[in-house]
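Understanding the architecture of this molecule
Listed here are the chains, written in short residue letters.
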Amino acid sequence: MQILSFITLILTFFLIFYAVSAISSNVLARRRATVLKSDAFIERQQATHGQLIDVREKKPFKRSHLKGARNMPALSLAQGKSGLRQDIPVFVYGDTLANALGVAKRLRKEGFNRSNLFLMAGGFRQFAAKQKR
């Protein structure tokens, strides 16, 4: 009986930790950029002809990515200047929102305006899963 209580306690702890992490990621993302659902993200990027950046590594990018996306892995962006134009909107996505969040922080440090930075809510994994349905 004690083992069952212990397992329940651990599972509850992980569930609370996961929920707090998800909420804090969303709050941080909204402070650094505009977070859009995948459909709105793609529509706005196409309408503004913004710079579309995929921050995943090369292999996942080669398997599948949004049309017109440039692959700029998050680690390489974190090491220096991005080479992106600040006068054109930047649309950033990764596997998850959290992956793109670090890049948004880096771009803000480079001087990008929050109103010109857009992140895909849920990331590419969620978008790809939705497309398969």
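Up top you'll find the structure we're talking about.
The following refers to the structure shown.

Rules behind the numbers
- Residues numbered from 1 in each chain as written.
- Predicted model: local features only at pLDDT ≥ 70, side-chain atom pairs only at ≥ 80, totals over all residues.
- Heavy atoms only, no water.
- Core = buried A, V, L, I, M, F, W, Y, C linked by side-chain atoms within 4.5 Å.
- Buried < 20%, exposed > 50% of the residue type's maximum accessible area, 1.4 Å probe, protein only.
- Helix = DSSP H or I, 4+ residues; strand = E, 2+ residues; numbered from the N terminus.
- Phe/Tyr/Trp six-rings, centres within 6.5 Å; stacked < 30°, edge-to-face > 60°.
- Pairing = 2+ DSSP bridges.
- Right-handed = clockwise from strand over helix to strand, strands pointing away.

1. Quick look at the nonpolar core
Ile-53, Leu-84, Val-90, Val-92, Leu-107 and Leu-119 are the most contacted members of the largest nonpolar core, which has 16 residues in total. At 5 residues, the largest contribution of residues to this core is made by helix α5 (residues 97-109). By size, the runner-up hydrophobic cluster in this structure holds 12 residues, among which are Leu-52, Leu-66, Phe-91 and Tyr-93.

2. A word on the packing of aromatic side chains
This structure, assessed with the given rule, holds 6 aromatic pairs. Taken together, a centroid distance of 5.8 Å and an interplanar angle of 65° make the contact between Phe-13 and Phe-14 edge-to-face. Note on Phe-91 and Phe-118: the rings are 4.7 Å apart at their centroids and 10° apart in plane angle, and the pair reads as stacked. With Phe-91 in strand β4 (residues 90-93) and Phe-118 in strand β5 (residues 117-120), the pair connects residues that are 27 residues apart, well separated along the chain.

3. Digging into the pairing of β5
Where burial is concerned, the two faces of β5 agree: the one with Leu-117 and Leu-119 and the one with Phe-118 and Met-120 are both buried. Relative to β5, strand β1 (residues 34-36) runs parallel, the two sharing 3 bridges. Of the residues in β5, the one forming a bridge with Thr-34 is Phe-118. By the bridge criterion, 3 bridges tie β4 to β5 in an arrangement that is parallel. In the strand pairing of β5, Val-90 is matched with Leu-117. Between the parallel elements β4 and β5, the chain passes through α5 in a crossover that is right-handed.

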